[in-house]
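Listed below, chain by chain, are the residues.
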Protein chains: 2
Amino acid sequence: MPSEARSPAAPDSGAPSAAPTAAKTRVVEAALALFAEHGIAGTSLSMIADAIGVTKAAVYHQYPAKDGIVVAVAEAVLAGLEQVVSAAETERSRARAREVLVDGMVDLAVEQRHMAGILQRDPVMLRFLAEHGPFRRVMQRVNRVLMGGAADPAARVLAATLAAAIAGAVVHPLAEGLDDATLRVQLRRRLRRLLPRR
Amino acid sequence: MPSEARSPAAPDSGAPSAAPTAAKTRVVEAALALFAEHGIAGTSLSMIADAIGVTKAAVYHQYPAKDGIVVAVAEAVLAGLEQVVSAAETERSRARAREVLVDGMVDLAVEQRHMAGILQRDPVMLRFLAEHGPFRRVMQRVNRVLMGGAADPAARVLAATLAAAIAGAVVHPLAEGLDDATLRVQLRRRLRRLLPRR
DNA sequence: GTCTATAAATCGATAGAC
DNA sequence: GTCTATCGATTTATAGAC
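Residues take numbers from 1 onward in each chain, read along the sequence in its written order. Each chain takes a letter, starting from A, and each ligand takes a number, starting from 1, following the order in which they are written. Local features in this predicted model are restricted to residues of pLDDT 70 or higher, and side-chain atom pairs are both shown and tallied only at a pLDDT of 80 or more, whereas totals for entire chains, interfaces and linings draw on every residue. To obtain the side-chain values, all non-hydrogen atoms of the structure were used and water was disregarded.

Draft legend 1. Focus on the nonpolar core. Core analysis: the biggest nonpolar cluster contains 131 residues, and I69 of chain A together with I69 of chain B have the highest contact counts within it. Segments assigned H or I by DSSP are reported as helices when at least four residues long, segments assigned E as strands when at least two residues long, and all are numbered from the N terminus. Ranked by the residues each element gives to this core, the list is headed by helix α4 (residues 66-89) of chain A, at 12 residues. Between two residues, a contact is recorded if the distance between any of their heavy atoms is within 4.5 Å. Residues in contact with I69 of chain B, not counting those within four places in the same chain, are V27, A31, F35, L45, I48, V59 and Y63 of chain B. Among buried residues, those of type Ala, Val, Leu, Ile, Met, Phe, Trp, Tyr and Cys that are joined through side-chain atoms within 4.5 Å constitute a nonpolar core. Burial status follows relative accessibility: with a 1.4 Å probe on protein chains alone, a residue under 20% of its type maximum counts as buried, one over 50% as exposed, and anything between as partly exposed.

Draft legend 2. Quick peek at the interface of chain A and chain B. In this complex, chain A contributes 39 residues to the contact, which on the side of chain B involves 39 residues. Two parts lose some accessible area (1.4 Å probe) when they are put together, and adding that loss for both gives the buried area. For the chain A and chain B pair, buried surface summed over both sides reaches about 3500 Å², with 63% attributable to carbon and sulfur atoms. Contact with chain B buries surface across chain A, with L174, R190 and R193 of chain A losing the most and accounting together for 21% of the total. For this document, the term salt bridge refers to a Lys or Arg side-chain nitrogen within 4 Å of an Asp or Glu carboxyl oxygen. Applying the counting rule to chain A against chain B returns 2 salt bridges. Among the ionic pairs, E37 of chain A bridges to R127 of chain B, the shortest N-O distance being 3.7 Å.

Draft legend 3. Structural view of the protein's contact with DNA strand C. Whether a residue is near a molecule or strand depends on its heavy atoms: if one lies within 4 Å, it is near. With respect to spatial proximity, 20 residues lie near DNA strand C, and among them L45, Y60 and K66 of chain A together with T55 and H61 of chain B are the closest. The sugar-phosphate share of atoms of DNA strand C within 4 Å of the protein amounts to 56%. Under this definition, polar contacts are N or O atom pairs within 3.5 Å; protein pairs additionally need one hydrogen-donor-capable and one acceptor-capable atom, and for neighbouring residues in sequence, both atoms have to be side-chain atoms. Between DNA strand C and Y60 of chain A there is a distance of 3.3 Å, counted from a phosphate oxygen to a side-chain nitrogen or oxygen. Within the side chain of T21 of chain B, an N or O atom sits 3.3 Å from a phosphate oxygen of DNA strand C. The set of elements that each furnish at least two residues to the surface near DNA strand C consists of α2 (45-52) and α3 (56-62) of chain A together with α1 (22-38) and α3 (56-62) of chain B. Per element, the largest residue contribution to the surface near DNA strand C is 4 residues, and it comes from α3 of chain B.

Draft legend 4. Just the packing of α1 of chain B against helix α2 (residues 45-52) of chain B, in detail. Residues and elements named next belong to chain B. Two numbers describe how α1 lies on α2: the axes approach to 9 Å, and their chain directions differ by 125°. When the axes of α1 and α2 are compared, the pair comes out oblique. Handedness of the crossing formed by α1 with α2: right-handed. Judged by residue contacts, R26, V27, A30, A31, L34, F35 and H38 of α1 engage M47, I48, A51 and I52 from α2. In this count, Pro and Cys sit with the nonpolar residues alongside Ala, Val, Leu, Ile, Met, Phe, Trp and Tyr, while Asp, Glu, Lys and Arg are called charged and the others, Gly among them, polar. Along the lines of polarity and charge, the residues of the contact of α1 with α2 split into 9 nonpolar, 1 polar and 1 charged. Lines are fitted to the C-alpha atoms to define the axes, a helix being fitted only along its stretch in contact, and any angle between axes, read from their N-to-C directions, falls within 0 to 180 degrees. By the definition adopted for this analysis, an angle is roughly parallel if under 35 degrees, roughly antiparallel if over 145, roughly perpendicular if from 65 to 115, and oblique otherwise. Left-handed describes a crossing whose near helix is turned anticlockwise from the far helix by less than a right angle; the clockwise case is right-handed.

Draft legend 5. Quick look at empty space enclosed by the protein. Using a 1 Å grid laid over the protein atoms alone, points where a 1.4 Å probe fits but cannot get out form a cavity; open sets with protein on both sides within 12 Å along at least 5 of 7 lines form a pocket; any residue with an atom within 4 Å of a point counts as lining. Grid points are joined across faces, edges and corners, and a volume is the space filled by probe spheres set on the points. On inspection of all chains with the given rule, the structure shows 1 cavity of 30 Å³ or more. Its volume calculated, the largest cavity comes out at about 60 Å³. In terms of lining, the largest cavity is formed by 14 residues, of which the most central are G39, A41 and D122 of chain A together with G39 and A41 of chain B. Here the lining of the largest cavity is composed, by residue class, of 6 nonpolar, 6 polar and 2 charged.

Structural data, given as structure tokens:
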């Protein structure tokens, strides 16, 4: 079951360990926007500090290293994804689970177009996703549902195509001018055609 | 008409201005591999120099600034794309042109999985594509064919989805273990389903 | 074309005052 | 929680010898 009442001693797997302070939240939000525009490697702590309006030292007081900020951003991005995949996993059929997950991922990606790009496109983030256990577990659950229970090349390519299309389409220049509602509807409809006939 | 016989005084729009020297080629190849792994912002001139086995100064002698290397890499990547889109544009029907372009883009992306990722995913490269005229023109031609002559939201999302799916799927972790032939076949087949019925 | 050496700026990160 | 000030490493880039 998902965490609900916050008992103090809850290990809580790999979730954001505690309620983040306002200062921490400001750092993560600024970092998220800058990561999306310049990439993680292209974003310095000075840039983050300037965006918030404080000095580097103040940022370091919240996160002892840049890696910590990257982890926090990853947690923020993956929190939504974890919720969506959990919902999908409760569906009865695998086909229906995949549809629910795709729709949920589209919603997430469209609502916060920033995040989608970072998550699956930044080389630094990809390394974090591969190395940090909790992140990898979420991605494995996503991939499993997207593959629909199979593991053959066709299923792998389908899952890779779905994930890449969602994350990439919402930040594509051609989608930039579209409003959220239009983009969501069109993208959902288009991706449906990608799924196996039921 | 596309350039054919290389007359010495040909302005040649925005193509790689001359035959690159061997040293220049080494720089571009090393940079391409490093950009793909670490991102452009995450790749320093020292890394490029070390990969070739020379010093930074030697690299600077070939390209007066890091931007120059990025442009050269972009030219190398876009050269293939330009060829594919030119071939597609000679097709009679728009539907057929789109199929040819998608197949060609899949071939390019699979053959050189490095390049695909860089081209449409690196924030620095995206800025170059948007700002440099010659690059933007190629991308416009690609987008026009992918949209199939229309410009409505449905066509835009289709084009964005196709481009994102191709570039993203080939570098997705799930596709990493697949051999080129399998990936190409599966990806072509899957993307066909994305196209409008004819 | 490549090297050594170095300048100038910026990077991530730390110490200590308030 | 934020600041000033600073360290050491690394970055882009240049000068000049070979």
